[in-house]
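# Geometric and topological summary
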Amino acid sequence: MDNDDNPMSKAHEAPRCAATSKRTGERCKGPAVSGWRVCRFHGAGGGHSPGKDHPSWRHGMRAQEWIAARAEISELVRKAREIERLLFGGAE
Ligand SMILES: [Zn+2]
């Protein structure tokens, strides 16, 4: 039997899945899906894009833009307090 004629020989040469088994600690021997580091079994081709379509989306108050906006607001408040302290003197 000639190995070059084996249609599976190409699949066996494919890059291996990067996942390791938690139970045995051994590398997954499955072929990685092209463009992915893992095999189909370990999540290649799956997943959701972030945003409203994500199943874990709740109310949008934790959306990344909101987190950034609130960080900016608290920074402004902090600066305003500092200016107030410089102008009128703090309690310190
Ligand atoms: Zn795998």
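Scroll up a little and you will see the structure.
Quick caveat: nothing in here was measured; it's all calculated off a predicted structure.

What the protein contains, in helices and strands, is two helices and zero strands. Relative to its full complement of 92 residues, the protein shows a buried share of 12%. Expressed as a percentage of contacts within the protein between residues at least 6 apart in sequence, the contacts between residues at least 24 apart total 2%.

So, on to the coordination of the zinc ion. The protein atoms donating to the zinc ion are Cys17 (SG), Cys28 (SG), Cys39 (SG) and His42 (ND1), with metal-donor distances spanning 1.9 to 2.3 Å. Coordination at the zinc ion is tetrahedral, judged from the four donor atoms that bind it and the angles of 105 to 115° they form at the metal. Positions of the donor residues of the zinc ion, expressed as sequence spacing, correspond to C-x10-C-x10-C-x2-H. With a gap of 22 residues between them, Cys17 in the loop between helix 1 (8–13) and helix 2 (64–88) and Cys39 in the loop between helix 1 and helix 2 connect regions that are remote in the sequence.

With that settled, consider the pattern of salt bridges. This structure, assessed with the given rule, holds four salt bridges. For the salt bridge of Lys29 with Glu26, the shortest nitrogen-to-oxygen distance reads 3.3 Å. Looking at Lys29, the relative accessible area reads 61%, which means it is exposed. Since its relative accessible area comes to 45%, Glu26 is described here as partly exposed. Between Glu82 and Arg78 there is a salt bridge, and its shortest N-O distance comes to 3.3 Å. Linking Glu82 with Arg78, this pair stays in helix 2, spanning four residues, or about one helical turn. Exposure remark for Arg78: the relative accessible area of 43% places this residue in the partly exposed category.

Definitions and cut-offs
Residues numbered from 1 in each chain as written. Predicted model: local features only at pLDDT ≥ 70, side-chain atom pairs only at ≥ 80, totals over all residues. Heavy atoms only, no water. Helix = DSSP H or I, 4+ residues; strand = E, 2+ residues; numbered from the N terminus. Buried < 20%, exposed > 50% of the residue type's maximum accessible area, 1.4 Å probe, protein only. Contact = heavy atoms within 4.5 Å. Donors = N, O, S within 2.8 Å, 3.2 Å for Na, K, Ca; no water. Tetrahedral: all angles 85-135°; square planar, octahedral: opposite > 155°, others 65-115°. Salt bridge = Lys/Arg side-chain N within 4 Å of Asp/Glu carboxyl O.

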